[in-house]
Amino acid sequence: MPEFYPSISEAVGAAMQHNIRLAYGGKAPGSDTPPRVRHLPHPSADPYSVPGMIARLTETATPHEVAGIIEEVNGALGALPQLTELVAAAADWTRARLTFESPHHNPTFETWTRLAAATGMLRDV
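Residues numbered from 1 in each chain as written. Predicted model: local features only at pLDDT ≥ 70, side-chain atom pairs only at ≥ 80, totals over all residues. Heavy atoms only, no water.

A. Representation of the overall build of the protein in the model. Along its length, the protein carries five helices and two strands. Starting at the N terminus and ending at the C terminus, the protein contains elements arranged as β-α-β-α-α-α-α. Out of the 125 residues belonging to the protein, those deemed buried represent 15%. Taking as baseline every contact in the protein between residues at least 6 positions apart, the subset at least 24 positions apart corresponds to 47%. Approximately 9,500 Å² of the protein is accessible, and the part contributed by carbon and sulfur atoms is 62%. (Helix = DSSP H or I, 4+ residues; strand = E, 2+ residues; numbered from the N terminus. Buried < 20%, exposed > 50% of the residue type's maximum accessible area, 1.4 Å probe, protein only. Contact = heavy atoms within 4.5 Å. Areas by Shrake-Rupley, 256 points an atom, 1.4 Å probe, with all protein chains shown as cover.)

Quick look at the structure:
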């Protein structure tokens, strides 16, 4: 019987446990429960969950609806400041690894510029 997770983090944790069990021949260290198949609920099942809010962000959504969704996410989860910090930290991490050995092809520099731009956009929001 399929089981549902209330959050993505729990689903990811269960998937990681499943992979650990596979690596140890079907039994994870310190775990006696067998792996089970689990499914995430459809976004329409809860329109106020993060997947549900993402599903509500369609091309036909009005600016007022989009602003409301962003306020819901930011107010309920405090996600926007945390996401901004995460992207900024990723940009800092990438910047620390910049090298200019190949000026014509520098994927690290391209990644850093995109992360820095995303950080700026998130701060503007």
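B. How the structure looks around the pattern of salt bridges. In total, this model carries one salt bridge according to the counting rule given. A salt bridge links Asp 92 to Arg 95, with the shortest nitrogen-to-oxygen separation between them at 2.9 Å. Placement of the pair is Asp 92 and Arg 95 together in helix 4 (residues 79-96), with a separation of three residues, close to one helical turn. Among the residues examined, Asp 92 registers a relative accessible area of 42% and is labelled partly exposed. A relative accessible area of 44% places Arg 95 in the partly exposed class. (Salt bridge = Lys/Arg side-chain N within 4 Å of Asp/Glu carboxyl O.)

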